[in-house]
Amino acid sequence: MKNLVWIVLQDATSDNTVLGVFSNRREADEFADRIKDEFVEHVLIQQFPIGYKFTDGSSRYST
């Protein structure tokens, strides 16, 4: 199994600011839930394997 990080970001602006990086989905979900009112319908959670590069292709997004 690959080591993974979960990134919480917002897509309300064009730069898709990273809001937090977490070692597991539960922590990312809890954080996203706490800040969701600041970026209504624009908080995303994405899973990345450690060592991920943009050229590796897309990953799964969730809200």
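That block above? That's the structure.
Residues numbered from 1 in each chain as written. Predicted model: local features only at pLDDT ≥ 70, side-chain atom pairs only at ≥ 80, totals over all residues. Heavy atoms only, no water.

Before we go on, may I ask you to explain the pairing of strand β3 (residues 43-49) in this structure?
As a general feature of sheets, a regular strand has side chains that alternate between the two faces. Along β3, 5 of the 7 residues are buried, which leaves the element largely enclosed by surrounding structure. Two strands pair when backbone bridges link them, and strand β1 (residues 4-10) and β3 are joined in this way by 7 bridges, in the antiparallel orientation. The residue bridging Trp6 from the neighbouring strand is Gln47, located in β3. (Buried < 20%, exposed > 50% of the residue type's maximum accessible area, 1.4 Å probe, protein only. Helix = DSSP H or I, 4+ residues; strand = E, 2+ residues; numbered from the N terminus. Pairing = 2+ DSSP bridges.)

It is not clear to me how unusual backbone geometry should be interpreted in this structure. Could you clarify?
Peptide bonds are trans in most cases, and residues, glycine excluded, mostly fall at negative phi. A positive phi is found at Glu41, a non-glycine position, where the angle reads about 60°. By the secondary structure assignment, Glu41 is in the loop between α1 (25-35) and β3. Its relative accessible area of 75% is what places Glu41 among the exposed residues.

I tried to follow the packing of aromatic side chains on my own but got confused; where do I start?
What the rule picks out here adds up to 1 aromatic pair. Here Phe22 and Phe31 contribute two aromatic rings whose centre-to-centre distance is 5.3 Å and whose plane-to-plane angle is 40°, an arrangement assigned as tilted. Note on accessibility: Phe22 and Phe31 belong to one class, buried. (Phe/Tyr/Trp six-rings, centres within 6.5 Å; stacked < 30°, edge-to-face > 60°.)

Please clarify how the nonpolar core should be interpreted in this entry.
Burial of nonpolar side chains together is a common tendency in soluble globular proteins. The biggest cluster of nonpolar side chains holds 9 residues, and these are Trp6, Val8, Phe22, Ala28, Phe31, Ala32, Ile35, Val43 and Ile45. Elements supplying a minimum of two residues to this core: β1, α1 and β3. A total of 4 residues in this core trace back to one element, the largest contributor, which is α1. Counting residues in hydrophobic clusters, the runner-up holds 5 residues, among them Val5, Leu9, Leu44 and Phe48. (Core = buried A, V, L, I, M, F, W, Y, C linked by side-chain atoms within 4.5 Å.)

Just to check I follow, could you spell out the pattern of salt bridges for this structure?
Any two side chains of opposite charge can pair, so long as their charged atoms come close to each other. Enumeration according to the criterion identifies 3 salt bridges in this entry. Among the ionic pairs, Asp29 bridges to Arg25, the shortest N-O distance being 2.8 Å. Placement of both Asp29 and Arg25 in helix α1 is noted, with a separation of 4 residues, approximately one turn of the helix. On the accessibility criterion, Asp29 (32% relative accessible area) is partly exposed. Between Glu30 and Arg26 there is a salt bridge, with the nearest N and O atoms lying 3.1 Å from each other. With Glu30 and Arg26 both in helix α1 and 4 residues apart, this pair spans about one turn of that helix. (Salt bridge = Lys/Arg side-chain N within 4 Å of Asp/Glu carboxyl O.)

So far we have only geometry, and geometry alone does not tell us how the molecule works.
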